[in-house]
Amino acid sequence: MGSKLVAFTHSADLILIEYIQNQLQAIINQIPDLEVEQANENDERLALYTKTPDRFPCFILFKDGARKSVIHAMYRDWE
């Protein structure tokens, strides 16, 4: 099965979505064998594999279907 990186964003945040798409493309360019996927806040894996599913962006690395690592980066709108 191999490794897969899933990037979670909030569907209402278009700037964050564009940022994550750019990040995923950079990752693909560096690690072409890594499968990548972009998901939103409604994806059940976010709540299943994280303690804080309301923090975005969130990256989850899976290997052979098992969660290996979770990285959150808190995104706030500093008005």
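Just so it is clear, the structure is predicted and the values come from calculations on it, not from any experiment.

Some thoughts on the confidence of the model for the protein
Then, number 1: Mean pLDDT for the protein: 90, with 91% of residues reaching 70 or above.
Then, number 2: Per-element confidence in the protein is highest for strand 2 (residues 35–40), whose mean pLDDT is 97, and lowest for helix 1 (residues 14–30), whose mean pLDDT is 93.

Describing the side chain of Thr9
Then, number 1: Here Thr9 is to be found in strand 1 (residues 3–9).
Then, number 2: Of the residues examined, Thr9 reaches a relative accessible area of 2% and is grouped as buried.
Then, number 3: Excluding its chain neighbours within four sequence positions, the residues that come into contact with Thr9 are Leu16, Ile17, Ile20, Gln38, Ala39, Asn40, Glu41 and Phe56.

So, the pairing of strand 4 (residues 66–72)
Then, number 1: Looking at chain direction, strand 3 (residues 58–63) and strand 4 are connected through six bridges and run antiparallel. Looking at strand 4, one finds that Cys58 is bridged to His72.
Then, number 2: If you look at the hairpin formed by strand 3 and strand 4, you'll find two residues sitting between the two strands, and Asp64 has a positive phi there, around 55 degrees.

Calculation notes
Residues numbered from 1 in each chain as written. Predicted model: local features only at pLDDT ≥ 70, side-chain atom pairs only at ≥ 80, totals over all residues. Heavy atoms only, no water. pLDDT = per-residue confidence, 0-100. Helix = DSSP H or I, 4+ residues; strand = E, 2+ residues; numbered from the N terminus. Buried < 20%, exposed > 50% of the residue type's maximum accessible area, 1.4 Å probe, protein only. Contact = heavy atoms within 4.5 Å. Pairing = 2+ DSSP bridges.

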